[in-house]
Amino acid sequence: MTVPTGRRERKKAATRQKIADTALRLFLERGYDAVGIRDVAAEADVAVTTLFSHFASKEALVFEQDTDFEHRLTQAVTDRAPDEPLIPALRREVHAMVRHCTADGTAPIYRMIDESRALREYEESMRLRHADSLATAIAADPGLTRTTTACRTIARFVIDAYALARETTDPQAAVDEIFRMIEAAWEVA
């Protein structure tokens, strides 16, 4: 995540983080469905309009790093060295994301997501959006000459690799196993 440089940007980032941290704490303490937007705003000591200026929905409070993850995935494509192959760059980024999402203390969050239909649906729409952004970045790379369908397919595989690995007992090994298949699919595309 990029660190805001100006005072105003730092204050906005701090407010956003305070809201997200407060929401997550309340959701885990009371249950996602038992906590309303007004509860979060009151506990974070911000106006509801301030909350909505940082988060588009209640579900977005749970997935507060959504935009950062999407950006990191597309940067894995656009910022890699000219001679660096695509799939290893994506594997490295997915490894980092899986490490973050399987760190100590994340199990209750994923249990909460699994128990909430609204959160599961939001997560699925988020993954589809991430896959579309990733596919666009891959297709725009002049050094990668694959069809749009191949780019979209590989992007979906990468996003699914993250989700599948996160659910295993050895997420890092799962990422490597899945990426061997992704690399083989990319080679035949």
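Scroll up to find the structure.
Residues numbered from 1 in each chain as written. Predicted model: local features only at pLDDT ≥ 70, side-chain atom pairs only at ≥ 80, totals over all residues. Heavy atoms only, no water.

### Overview of unusual backbone geometry
Then comes step 1: Of note, D45 is a non-glycine position whose phi angle comes to about 60°, a positive value.
Then comes step 2: With respect to the element layout, D45 can be found in the loop between α2 (37-44) and α3 (48-54).
Then comes step 3: Judged by its relative accessible area of 65%, D45 is exposed. (Helix = DSSP H or I, 4+ residues; strand = E, 2+ residues; numbered from the N terminus. Buried < 20%, exposed > 50% of the residue type's maximum accessible area, 1.4 Å probe, protein only.)

### What to know about the packing of helix α5 (residues 66-78) against helix α6 (residues 86-101)
For any two helices packed against each other, one specifies the inter-axial angle together with the distance between the axes.
Then comes step 1: The N-to-C vectors of α5 and α6 enclose an angle of 155°; their axes lie 8 Å apart at closest approach. Considering their axes alone, α5 and α6 lie roughly antiparallel with respect to each other. Crossing handedness for the pair α5 and α6: right-handed. Contacts between α5 and α6 involve F69, R72, L73, A76 and V77 from the first element and L86, A89, L90, E93, V94, A96, M97, H100 and C101 from the second.
Then comes step 2: Residue composition of the contact of α5 with α6, by class: eleven nonpolar, one polar and two charged. (Axes fitted to C-alpha atoms, helices over the stretch in contact; angles between N-to-C directions. Parallel < 35°, antiparallel > 145°, perpendicular 65-115°, else oblique. Left-handed = near helix turned anticlockwise from the far one by under 90°. Contact = heavy atoms within 4.5 Å. Nonpolar A, V, L, I, M, F, W, Y, C, P; charged D, E, K, R; others polar.)

### Some points on the nonpolar core
Looking at soluble globular proteins, one finds that nonpolar side chains tend to be buried together.
Then comes step 1: Membership of the largest hydrophobic core comes to 55 residues, with the highest contact counts inside it found for F27, V40, L90, I138, V158 and F179.
Then comes step 2: Apart from residues no more than four positions distant in its own chain, I138 is found in contact with V77, L86, L90, L144, C151, I154 and W186. (Core = buried A, V, L, I, M, F, W, Y, C linked by side-chain atoms within 4.5 Å.)

### Thoughts on the packing of aromatic side chains
Both the distance between ring centres and the angle between the ring planes are used here to describe each pair of aromatic rings.
Then comes step 1: Counted under the stated rule, the structure contains three aromatic pairs.
Then comes step 2: Both rings, one in F27 and one in Y32, keep their centres 4.9 Å apart while their planes meet at 65°; by these two values the pair is edge-to-face.
Then comes step 3: Residue classification places Y32 among the buried positions, given a relative accessible area of 6%.
Then comes step 4: Arranged with centres 6.5 Å apart and planes meeting at 70°, the rings of F69 and Y162 form a pair that is edge-to-face. One end of the pair, F69, is in helix α5; the other, Y162, is in helix α9 (residues 148-166), and 93 residues separate them in sequence.
Then comes step 5: When the ring centre of W186 is taken as origin, the NZ or CZ atom of R146, which lies over that ring, is 4.1 Å away. (Phe/Tyr/Trp six-rings, centres within 6.5 Å; stacked < 30°, edge-to-face > 60°. Lys NZ or Arg CZ within 6 Å of the ring centre and 35° of its normal.)

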